[in-house]
Amino acid sequence: MRDRSVDLQRGILVVLMLYAHLLQFFGDLQRFPSIHFWVMGISLLAFPAFVFCFGRTAALAYLKKPFRQALPRMGRTFGRCLAAFYVSGAAFRVLREHRPLEAETLRGIFLLSDIPGWSEFLIAFALLMLAAIVLFPLLRQITCRRWLWLPLSIPCLLGCFLPYDRITVPQLALLIGSRSYVTFPVLQYFPFFLAGVAYTGARLRERLGMGGVAVIFSVAGLVWYVRHGLPERFPPHWAWILLPCFAIALLTALCHGLCRLPGEKYWLPVEGLRRMLSHFGGASLYYLVGSNLVLFTLAGAGIAPLPGNLWPWNQPLPSPAGALSWLVVLLALLWFIARLAGRGASGRPSKTRISN
């Protein structure tokens, strides 16, 4: 069973994350100071919203089944996310940093003692699925007693007060955070997963209540931001965790509304855009890993697309407008490769989606 709004929401997040990555790799912050606003705004929203969608997907795909029936599929999802981290991490070290492709380079990545850049979120998804396997009975309870997600989230949020400076083991940093490594710790972000599980199947009144909690959380984070500035991201400050809650609630409501919009009665592009974003969301793992491989290759080789004569590709890539135009090219390239792979596997166009 699939919820079209989940795929749509993940599709929007894929586009936002790829745009932020283009700005991080090729943007010129000195010439275009607004890049900082775009990157930090997207970073604040993207990963927590992905985790929320991951919880919704887990509730739909696994938690409605007995554990023995759900375990093989959960194991495969864990394996795919882990493999995606290995591929992306190895590509970053070899293609971006020009390290030799040898056992010494790969050993640390495979043992999770080396966490390469722009790949941290992939291992976080693998560990989130592993946590879902371990906590399966508890998560099943949340699908019946939905407000359990809130008291269970409090101990996770208290993890933001851990002595991060003392955590120097990379594998432990993946779970609870550290100042020595850039990670998305599972503990601190797990409330979004719990909220996603609770949200799935909830009645309108319950969803509105969760939206009210999201407002309270975001206000608390906003008060900190006004007084102290943008909270710390690596490792996450409690205000960094709370700030995007209301934005996630708004994005979720927007995607529900877009799915209910009868596109055929309006412009044809409405339905086309909805289908395209849902495709990106259904194949989110492919687009995230594929885009990393392209960006690592270009950045490692010192290659950047040059402006052309046709608008909007006549904009310089280091600018927000230029990055947006080349984002269209990147997504089109990855879509075309996926179509070629589908044809090559079966000898005819594939109707199946690459999904995570």
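Everything numeric here is computed off the predicted structure, so don't read it as measured data.

About the cut-offs
- Residues numbered from 1 in each chain as written.
- Predicted model: local features only at pLDDT ≥ 70, side-chain atom pairs only at ≥ 80, totals over all residues.
- Heavy atoms only, no water.
- Helix = DSSP H or I, 4+ residues; strand = E, 2+ residues; numbered from the N terminus.
- Buried < 20%, exposed > 50% of the residue type's maximum accessible area, 1.4 Å probe, protein only.
- Contact = heavy atoms within 4.5 Å.
- Lys, Arg positive; Asp, Glu negative; His and termini not counted.
- Charge placed at Lys NZ, Arg CZ, Asp CG, Glu CD.
- Patch = residues over 30% accessible without salt bridge, like charges linked within 9 Å, V, L, I, M, F, W, Y side chains within 5 Å.
- Areas by Shrake-Rupley, 256 points an atom, 1.4 Å probe, with all protein chains shown as cover.
- Salt bridge = Lys/Arg side-chain N within 4 Å of Asp/Glu carboxyl O.
- Phe/Tyr/Trp six-rings, centres within 6.5 Å; stacked < 30°, edge-to-face > 60°.
- Lys NZ or Arg CZ within 6 Å of the ring centre and 35° of its normal.
- Core = buried A, V, L, I, M, F, W, Y, C linked by side-chain atoms within 4.5 Å.
- 1 Å grid on protein atoms, 1.4 Å probe; cavity = no way out; pocket = protein on both sides within 12 Å on 5 of 7 lines; lining within 4 Å.
- Points joined across faces, edges and corners; volume = space filled by probe spheres on them.
- Nonpolar A, V, L, I, M, F, W, Y, C, P; charged D, E, K, R; others polar.
- Arc of directions from axis to C-beta.

A.B. asks: Let's hear about the overall build of the protein: which residues, and what values?
C.D. replies: Helix and strand counts for the protein come out as 15 helices and zero strands. Each of the three principal axes of the protein carries a C-alpha extent, and together these read 55 × 55 × 45 Å. Counting only residues that meet the buried cut, the protein has 49% of its 356 residues in that class. Residue pairs at least 24 apart in sequence account for 73% of intrachain contacts in the protein once pairs closer than 6 positions are excluded. Here the protein contributes 34 positive and 13 negative side-chain charges, whose respective centroids are spaced 13 Å apart.

A.B. asks: So what's going on with a nonpolar patch on the surface? Which residues, and what values?
C.D. replies: A cluster of nonpolar side chains, V215, V219, V223, F246 and L250, forms an exposed patch at the surface whose accessible area comes to about 390 Å². The set of elements that each furnish at least two residues to the nonpolar patch consists of helix 10 (204–228) and helix 12 (245–260). By residue number, the principal contributor to the nonpolar patch is helix 10, which donates three residues. Relative to the assigned elements, F246 resides in helix 12.

A.B. asks: With reference to specific residues and values, describe the packing of aromatic side chains.
C.D. replies: Tallying each qualifying case throughout the model produces 26 aromatic pairs. When the ring of F85 is compared with that of Y86, the centres are 5.9 Å apart and the planes differ by 50°; the resulting orientation is tilted. For Y86, a relative accessible area of 21% puts it in the partly exposed group. An aromatic cluster of three or more residues is present, and its members are F47, F50, F54, F121, F125, F184, Y189, F190, F192, F193 and F234. The ring of Y199 has R207 lying over it, and the distance from NZ or CZ to the ring centre is 4.1 Å.

A.B. asks: I'd love a proper account of the nonpolar core, names of residues and values included.
C.D. replies: If you look at soluble globular proteins, the nonpolar side chains tend to sit buried side by side. Membership of the largest hydrophobic core comes to 110 residues, with the highest contact counts inside it found for F125 and F193. Considering each element in turn, this core owes the most residues, 16 residues, to helix 2 (residues 34–61).

A.B. asks: An account of empty space enclosed by the protein is requested, with residue identities and associated values reported.
C.D. replies: If a probe the size of a water molecule is rolled over the atoms, the empty space left behind becomes visible. Enumeration over the complete set of coordinates arrives at two cavities of 30 Å³ or more. Counted as a void, the second largest cavity has a volume near 30 Å³. Taken together, R146, W147, W149, A198, A202, E206 and M210 make up the full set of residues lining the second largest cavity. Split by residue class, the lining of the second largest cavity holds five nonpolar, no polar and two charged.

A.B. asks: Report on helix 4 (residues 103–110), specifying residues and quantitative values.
C.D. replies: Every buried residue of helix 4 is listed here: T105, G108 and I109. For helix 4, the angular spread of buried residues about the axis comes to 100°, placing them on one side. Those residues of helix 4 that are exposed and angled more than 90 degrees off the buried face are A103 and E104. Along its buried surface, helix 4 packs onto helix 3 (67–96). A positive phi of about 65° marks L112, the residue just after helix 4.

A.B. asks: Give a description of unusual backbone geometry that names residues and reports values.
C.D. replies: In this structure, P235 follows F234 across a cis peptide bond, with omega equal to -5°. Residue position: P235 is located in the loop between helix 10 and helix 11 (238–242). Even without a glycine there, the phi angle at H98 is positive, about 60°. Phi is positive for W118, which is not a glycine, with a value near 60°.

A.B. asks: So, the environment of W149: which residues are in play, and what are the values?
C.D. replies: Mapping W149 onto the fold places it in helix 7 (residues 149–158). Look at W149 and you get buried, because its relative accessible area is 6%. Put simply, W149 and A103 are 46 residues apart on the chain and 43 Å apart in space, counted from C-alpha to C-alpha. Excluding residues within four positions of it along the chain, W149 makes contact with I142, P191, L194, A195, A198, M210, V213 and F217.

A.B. asks: Give a detailed account of the pattern of salt bridges, specifying residues and quantitative values.
C.D. replies: Inspection of the entire model under this criterion finds nine salt bridges. Residues R93 and E97 are paired through a salt bridge, measuring 2.9 Å at the closest nitrogen-oxygen approach. Given the relative accessible area of 9%, R93 is considered buried. E97 gets classed as partly exposed once you look at its relative accessible area, which sits at 33%. Between R146 and E206 there is a salt bridge; the shortest N-O distance is 3.7 Å. With R146 in the loop between helix 6 (136–144) and helix 7 and E206 in helix 10, this residue pair connects regions lying 60 residues apart in the sequence.

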